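Below, each chain spelled out in residue letters.
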Amino acid sequence: MQTNPPIMRDYATYSFWLETSGDSLVPRASLEHSLDVDVAILGGGYTGLWTAYYLLSAQPRLKVAVIEKEIVGFGASGRNGGWCSSKFPVTPGMLERRYGGERARSLMLAMNDSVDEIARFCQREEIDAQFHKGGILTLARGNHHMPTLRAAFDAYSRLGLEQQYRLLSSAETNERVRVTNACGALYASENASLHPGRLVRGLARALERRGCVIYEQTEAVGFSGGASPRLLTPAGAIRAKQAVVLAGESYLTRIPTLHRVVLPVYSLIVLTEPLTAQQWDEIGWQKRESLASCNYTVDYLTRTADGRILFGSRGAPYRFGSKITDEQDRHAPTHDYIKDLVVEWFPMLKDVKFTHEWGGPVGMPRDWMPMAQFDPAQKIATARGYTGQGVSTTNLTGRILAELISGKTTELSQLPIALRISPQWEYEPLRWLAVRYMQNAFLRIDSAGKKGRAKPKDAFLAQYLGRH
Ligand SMILES: Cc1cc2nc3c(=O)[nH]c(=O)nc-3n(C[C@H](O)[C@H](O)[C@H](O)COP(=O)(O)OP(=O)(O)OC[C@H]3O[C@@H](n4cnc5c(N)ncnc54)[C@H](O)[C@@H]3O)c2cc1C
């Protein structure tokens, strides 16, 4: 088959993390002929690589191949906000209602362990991913946010996890970090921040040391299951004896049969120059907690190891047909809005310079729950749907998939994210109408709260549709 030469991108421009990963980013060799392996993996992000890592840790002789359309870390794994958190896309209250207290608690504990497992992995494999366990501070930026914090604290307490959480007063919050209108916070200890690029690139090297072969610039254009499952590429098929793993998160929507399994929503990030010691004295934030507020439009902040502020938010409009393009990585109105937010949160930074801006799609499942699924009849495994909370969750789903593929069952494969499938999203134009409506409603709810006004009349509907 005649194939077009791959477009050579300047991968360092896709995020600060790829730029500073310490790797050359020159693509590895691509697949040039058909191949027989034990496990074939689509996707060189955390999900695919963690799955390979735990498979090979348990069975060092296994033949595992990963194919990646671009380079390792091209997707969300090389672009995220650096939160390595035990926070889950679904609130603890909702988990409790859906699965009961015991199972919700097991999941929360497994998430805590995933954060620690990533630290152990970095130590074991000597990867300097700047792992820092500083916890998370979720701020109430106005009294209207306080009920959300209390409800979360109450839910964690019902699950018996209260020792990991602490409600902070306004004064206690200000002692930690000085943010405009912060009148309280929920502190969560079992969370870290890290350098996503160093983690994903280091993970790939750790795999290669174990004999895994990673083909870059190699796109899977299709797949099939059954007795002899395979990934199809323009250069040939990768036939797998044990399993094919689909680990493409948002990009899976480009495969026609998987088009509606998640919804790609863009999350955008700005990064400041390194702040001076005097600026940090004014701001505080000495413990480098990850920061967020209770806004529906989502905000997440990281103090990087080299003293910058990373500020991320969702706000870029959803594109009809679940479109994913490089052009969407930058959206000037949203990036400008986020820069204004940095100064609104920290007025002392009114003259700060921004050195980087980027973005990427997060994959939202229809029921907000990530999943790790293996169908032994078809020999197809997949894990996806992290809704912007995938850095540590992928470690958990990778371990679950490795177990399921190996035919083992431990308590991990009993967790509520294992062996389940989220419903598909609606067809267009319904999907576009609903998502655009919710994006707009969330902006209006946040804006009303900020101005001290009552929630818009349709807030209940938006909260119901986006309930998680
Ligand atoms: C801007 C942004 C900020 C985020 N912030 C955070 C955060 O702070 N904390 C957190 O926990 N989570 C965050 N997330 C989410 C987190 O990064 C993801 O959940 C996680 O990285 C998903 O990993 P993955 O391996 O499943 O997917 P990805 O990292 O997207 O990897 C999928 C890979 O598959 C490749 N691929 C896709 N289709 C094909 C194909 N057909 N053939 C070959 N290769 C293919 C892609 O090129 C890609 O490299 C953020 C995401 C974004 C975009």
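That block above? That's the structure.
The following paragraphs examine the structure supplied in this document. (Residues numbered from 1 in each chain as written. Predicted model: local features only at pLDDT ≥ 70, side-chain atom pairs only at ≥ 80, totals over all residues. Heavy atoms only, no water.)

Right, let's get into the overall build of the protein chain. Along the backbone of the protein chain there are twelve helices and 18 strands. Its C-alpha radius of gyration of 21 Å places the protein chain within 12% of the 23 Å reference for a compact globule of 468 residues. Counting only C-alpha atoms and orienting by the principal axes, one finds that the protein chain spans roughly 60 × 45 × 45 Å. Pairs at least 24 apart in sequence give 77% of the contacts found in the protein chain among residues at least 6 apart. As presented, the protein chain carries roughly 19200 Å² of accessible surface, and 54% of it is formed by carbon and sulfur atoms. Of note, the protein chain has its 56 positive side-chain charges centred 4 Å away from the centre of its 47 negative side-chain charges. (Helix = DSSP H or I, 4+ residues; strand = E, 2+ residues; numbered from the N terminus. Rg over C-alpha atoms; globule rule 2.2 N^0.38 Å. Contact = heavy atoms within 4.5 Å. Areas by Shrake-Rupley, 256 points an atom, 1.4 Å probe, with all protein chains shown as cover. Lys, Arg positive; Asp, Glu negative; His and termini not counted. Charge placed at Lys NZ, Arg CZ, Asp CG, Glu CD.)

Attention now goes to the environment of proline 27. With respect to the element layout, proline 27 can be found in the loop between helix 1 (16-19) and strand 1 (35-42). Residues proline 27 and glutamate 216, spaced 189 residues apart in sequence, show a C-alpha to C-alpha distance of 6.0 Å. Excluding residues within four positions of it along the chain, proline 27 makes contact with Met8, Tyr11, Ile71, Glu216 and Gln217.

Here we come to the environment of leucine 194. Here leucine 194 shows up in the loop between strand 7 (192-193) and helix 7 (196-209). C-alpha separation for the pair leucine 194 and serine 106, spaced 88 residues apart in sequence, amounts to 25 Å. If sequence neighbours within four positions are ignored, leucine 194 has contacts with Trp17, Gly82, Cys84, Ile118, Ala129, Gln130, Phe131, Leu199 and Val391.

Side chains Val64 and Val66 of strand 2 (residues 64-67) all project onto a buried face; the interleaved residues Ala65 and Ile67 project onto the opposite face, where all are buried too. Judged from the four bridges that link them, strand 1 and strand 2 form a sheet pairing that is parallel. Directly across from isoleucine 41, in strand 2, lies its bridge partner valine 66. Of the crossover connections in this fold, the one passing from strand 1 over helix 2 (residues 46-58) to the parallel strand 2 is right-handed. Bridge count for strand 2 against strand 8 (residues 213-215) is three bridges, and the pairing is parallel. Along strand 8, the bridge assignment pairs isoleucine 67 with tyrosine 215. (Buried < 20%, exposed > 50% of the residue type's maximum accessible area, 1.4 Å probe, protein only. Pairing = 2+ DSSP bridges. Right-handed = clockwise from strand over helix to strand, strands pointing away.)

On to the packing of aromatic side chains. Inspection of every chain in the model, using the stated rule, returns 16 aromatic pairs. Members of the aromatic cluster, joined through ring pairs, are Trp280, Trp285, Phe311, Trp345 and Phe346. It is arginine 176 that lies over the ring of tyrosine 187; its NZ or CZ is 4.4 Å from the centre. For arginine 303, the ring lying beneath its charged end belongs to tryptophan 280, and the centroid distance is 3.6 Å. (Phe/Tyr/Trp six-rings, centres within 6.5 Å; stacked < 30°, edge-to-face > 60°. Lys NZ or Arg CZ within 6 Å of the ring centre and 35° of its normal.)

Our focus in this paragraph is the packing of helix 4 (residues 101-124) against helix 7. It is at 11 Å that the axes of helix 4 and helix 7 come closest, and there the two elements cross at 60°. By the angle class used here, helix 4 and helix 7 are oblique. Helix-helix and strand crossings are classified by hand; for helix 4 and helix 7 the assignment is left-handed. Mapping the contact onto sequence places Ile118, Phe121 and Cys122 in helix 4 and Leu199, Leu203 and Ala206 in helix 7. Along the lines of polarity and charge, the residues of the contact of helix 4 with helix 7 split into six nonpolar, no polar and no charged. (Axes fitted to C-alpha atoms, helices over the stretch in contact; angles between N-to-C directions. Parallel < 35°, antiparallel > 145°, perpendicular 65-115°, else oblique. Left-handed = near helix turned anticlockwise from the far one by under 90°. Nonpolar A, V, L, I, M, F, W, Y, C, P; charged D, E, K, R; others polar.)

This part takes up the sheet that holds strand 16 (residues 354-364). An order of 5-6-4-13-14-15-12-16 is seen for the eight strands of this open sheet, with the pairing classed as mixed. A strand with exactly one partner marks an edge of an open sheet, and here the two such strands are strand 5 (165-168) and strand 16. Each strand of the sheet is rotated relative to its neighbour by a mean of 20°, with strand direction disregarded. Pairing of strand 4 (residues 136-141) with strand 13 (residues 290-293), which is carried by four bridges, proceeds in the parallel orientation. Paired with isoleucine 136 across the two strands is serine 290, which belongs to strand 13. Across the sheet, helix 5 (residues 146-158) touches strand 4, strand 5 and strand 6 (182-188), and the angle it forms with strand 6 is around 20°.

Throughout the structure, instances matching the rule amount to 30 salt bridges. Where lysine 133 meets glutamate 190, a salt bridge forms, and the shortest distance between an N and an O atom there is 2.9 Å. With lysine 133 in the loop between helix 4 and strand 4 and glutamate 190 in the loop between strand 6 and strand 7, this pair connects stretches of sequence that are 57 residues apart. Given the relative accessible area of 36%, lysine 133 is considered partly exposed. Salt bridges sharing common partners tie together Asp113, Glu117, Arg120, Arg124 and Arg399. (Salt bridge = Lys/Arg side-chain N within 4 Å of Asp/Glu carboxyl O.)

Put simply, helix 2 and helix 10 (residues 393-405) touch, their axes get as near as 8 Å, and they point 45° apart. By the angle class used here, helix 2 and helix 10 are oblique. Where helix 2 crosses over helix 10, the handedness of that crossing is right-handed. For the pair formed by helix 2 and helix 10, the contact residues are Tyr46, Thr47, Trp50, Thr51, Tyr54 and Leu55 on the first element and Thr394, Asn395, Thr397, Gly398, Arg399, Leu401, Ala402 and Ile405 on the second.

Looking now at the environment of serine 313. Residue position: serine 313 is located in strand 15 (residues 309-314). According to the relative accessible area criterion, serine 313 is buried, its value standing at 3%. Along the backbone, serine 313 and leucine 396 are 83 residues apart, and their C-alpha atoms lie at a distance of 25 Å. Only 2.8 Å separates the side chain of serine 313 from the backbone oxygen of valine 298, close enough to count as a polar contact. (Polar contact = N/O pair within 3.5 Å; in protein donor to acceptor, adjacent residues only side chain to side chain.)

Right, let's get into the site of the ligand. The full set close to the ligand counts 37 residues, and Thr47, Glu68, Ser77, Ala220 and Val391 are the nearest of them. Between glutamate 68 and the ligand, the recorded distance is 2.7 Å, taken from a side-chain N or O atom to an oxygen atom. For the ligand, an oxygen atom lies 3.4 Å from a polar atom in the side chain of asparagine 80. For the ligand, the protein covers 97% of the area, taking 1000 Å² as the surface of the free molecule. Listed by contribution, the elements that provide at least two residues to the shell around the ligand are helix 2, strand 12 (263-272) and strand 16. The biggest single contributor to the shell around the ligand is strand 16, with three residues. Here the shell around the ligand is built from residues that sort into 15 nonpolar, 17 polar and five charged. (Near = heavy atom within 4 Å.)

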